[in-house]
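Spelled out, the chains give:
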Amino acid sequence: GRYLQLRALLDDRPGSLARLVAVVGQAGGNIVEVRHSRMDLALGVFDATVTLEIEAKGHAHCDTIVAAVKAEGFRTV
């Protein structure tokens, strides 16, 4: 329960990834890996997927991080 893999769909615009990372950091998550992709054929022209590997304090903390990301308007998949 200490590791969370979070995949989010975001606008491929300057600052979107920085906003997502800031939300995770403010929720107390420790990001250990980032994968950013714009190459998926299912994505729109201005979309990207980001997969974050996050260290958390446990299951409840993982839920808190996901809730914070969703509250900021990011779409998780």
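Basis of the calculations
- Residues numbered from 1 in each chain as written.
- Predicted model: local features only at pLDDT ≥ 70, side-chain atom pairs only at ≥ 80, totals over all residues.
- Heavy atoms only, no water.
- Buried < 20%, exposed > 50% of the residue type's maximum accessible area, 1.4 Å probe, protein only.
- Helix = DSSP H or I, 4+ residues; strand = E, 2+ residues; numbered from the N terminus.
- Arc of directions from axis to C-beta.
- Contact = heavy atoms within 4.5 Å.
- Core = buried A, V, L, I, M, F, W, Y, C linked by side-chain atoms within 4.5 Å.
- Pairing = 2+ DSSP bridges.
- Axes fitted to C-alpha atoms, helices over the stretch in contact; angles between N-to-C directions.
- Left-handed = near helix turned anticlockwise from the far one by under 90°.

Attention now moves to helix H1 (residues 16-26). Among the residues of H1, those classed as buried are Ser16, Leu20, Val23 and Val24. Taken end-on, H1 shows its buried residues confined to a sector of 95 degrees, consistent with a single buried face. Facing away from the buried surface of H1 by more than 90 degrees, the exposed residues are Ala18 and Gln26. In this fold, the buried residues of H1 make contact with strand S1 (3-11), strand S2 (30-37), strand S3 (47-55) and helix H2 (59-71). Trailing H1 by a residue or two, Gly28 shows a phi angle of about 90 degrees, which is positive.

Now for the nonpolar core. In terms of nonpolar packing, the biggest core is built from 17 residues, with Leu4, Leu6, Leu20, Leu52, Ile54, Ile65 and Val69 touching the most fellow members. Of all the secondary structure elements, the ones that give two or more residues to this core are S1, H1, S3 and H2.

Before going further, it helps to examine the sheet that holds strand S4 (residues 75-76). On the basis of which strands lie adjacent, the open sheet formed by four strands has the order S2-S3-S1-S4 and antiparallel pairing. Single-partner strands in this sheet number two, and they are S2 and S4. Across the face of the sheet, H2 comes into contact with S1, S3 and S4 while running at roughly 5 degrees to S1.

To continue, consider the packing of H1 against H2. Where H1 contacts H2, the two axes come as close as 9 Å, and the packing angle between them is 140 degrees. The crossing of H1 and H2 is right-handed. Two secondary-structure elements touch here, H1 through Leu20, Val23 and Val24 and H2 through Ile65, Ala68 and Val69.

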